Amino acid sequence: MLRRIYDWCIDAAHRPYAVWIMGAVSFAESSFFPIPPDVMLIPMSLARPERAWFYAMVCTVTSVLGGVVGYAIGALLYDSLGQWLIQIYGLSGKVEAFRASYAEWGAVIIIGKGLTPIPYKLVTITSGFADYNIWLFILCSIIARGGRFFVVAILLNRYGEWIRAQIEKRLGLWVALGAVVLVLGFVVAFKLI
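Residues numbered from 1 in each chain as written. Predicted model: local features only at pLDDT ≥ 70, side-chain atom pairs only at ≥ 80, totals over all residues. Heavy atoms only, no water.

**Student:** Which residues make up the packing of helix α3 (residues 38-47) against helix α4 (residues 52-76), and what values do they have?
**Tutor:** Running from N to C, α3 and α4 point in directions that differ by 160°, and their axes come no closer than 9 Å. Our classification of the angle between α3 and α4 gives roughly antiparallel. For the pair α3 and α4, the crossing hand works out as right-handed. Between α3 and α4, the contacting residues are Leu41, Met44 and Ser45 on the first element and Ala52, Tyr55, Ala56 and Cys59 on the second. (Axes fitted to C-alpha atoms, helices over the stretch in contact; angles between N-to-C directions. Helix = DSSP H or I, 4+ residues; strand = E, 2+ residues; numbered from the N terminus. Parallel < 35°, antiparallel > 145°, perpendicular 65-115°, else oblique. Left-handed = near helix turned anticlockwise from the far one by under 90°. Contact = heavy atoms within 4.5 Å.)

In structure tokens, the structure reads:
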């Protein structure tokens, strides 16, 4: 099954709808969806390394736009939808402490957590809930998400063939490693928030 999904992403890189799907995943991941856009960004950039920069730009723009939706959830819908999403991730008791830290460390938190595998939706919703300056939030999101996606683009553009060979040789291992990093991101988020 992993091989079929990987092969689909590699093959989809040559189809026009793939960019739209990747953008939709990136948008949704910043506000409510648990799966990061790297699931498509990496295979598509491996299939077409010359377009890795474009894919990183699409992920950055759609992630920031999705982050604005997450911000709106926190600012406008926290008492209903926002609270529900925070409870799904088991962070109800920690939101107030996280909110208080925004007064002093808002930009550092947004950029730091935006660069890591910590679920970015937690940052976006809490930023809205904390009433963090929306324009500063957008600027920090561009820096963080752009930095994250363009590092992937640089690595895949420069070392794509070698990386692709390694991934295809041990696909199960790399998927398991990615899942572990994602789970560790959630664990770290629970401890830091």
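**Student:** Go over the environment of Pro119 with me, naming the residues and quoting the values.
**Tutor:** Structurally, Pro119 can be placed in the loop between α6 (95-114) and α7 (120-129). When the C-alpha atoms of Pro119 and Ser31 are compared, they prove to be 9.5 Å apart, with 88 residues separating the residues in sequence.

**Student:** Could you give an account of the pattern of salt bridges, with specific residues and numbers?
**Tutor:** Under the defined criterion, the tally for this structure stands at 3 salt bridges. Where Asp38 meets Arg148, a salt bridge forms, and the shortest distance between an N and an O atom there is 2.7 Å. Taken together, the residues span a long stretch of sequence, with Asp38 in helix α3 and Arg148 in helix α8 (residues 134-169) at a distance of 110 residues. Per residue, the accessibility class of Asp38 equals that of Arg148, and both read buried. Taking the shortest distance from any N to any O, the salt bridge between Glu50 and Arg48 comes out at 3.4 Å. In this structure Glu50 comes out as exposed when scored by relative accessible area, which is 53%. When its relative accessible area of 21% is taken as the criterion, Arg48 is described as partly exposed. (Salt bridge = Lys/Arg side-chain N within 4 Å of Asp/Glu carboxyl O. Buried < 20%, exposed > 50% of the residue type's maximum accessible area, 1.4 Å probe, protein only.)

**Student:** Hey, could you go over the nonpolar core for me, with residue numbers and the actual values?
**Tutor:** Of all hydrophobic cores here, the largest spans 23 residues; its most connected members are Met22, Leu41, Met44, Leu46 and Tyr55. Ile109, Tyr120, Phe137 and Ile138 belong to the second largest nonpolar core, which has 12 residues in total. (Core = buried A, V, L, I, M, F, W, Y, C linked by side-chain atoms within 4.5 Å.)

**Student:** Describe the packing of aromatic side chains, and please don't skip the residues or the numbers.
**Tutor:** Tallied over the entire structure, the rule returns 3 aromatic pairs. Taken together, a centroid distance of 6.1 Å and an interplanar angle of 55° make the contact between Phe54 and Tyr55 tilted. Residue classification places Tyr55 among the buried residues on the basis of a relative accessible area of 0%. Between Tyr71 and Phe137 the ring centres are 5.2 Å apart and the planes differ by 40°, which places this aromatic pair in the tilted class. Of this pair, Tyr71 sits in helix α4 while Phe137 sits in helix α8; the two residues are 66 residues apart in sequence, bridging distant segments of the chain. Each member of the pair Tyr71 and Phe137 is classed as buried. In this structure, Arg145 is placed above the aromatic ring of Tyr120, and the distance from its NZ or CZ to the ring centre is 4.4 Å. (Phe/Tyr/Trp six-rings, centres within 6.5 Å; stacked < 30°, edge-to-face > 60°. Lys NZ or Arg CZ within 6 Å of the ring centre and 35° of its normal.)

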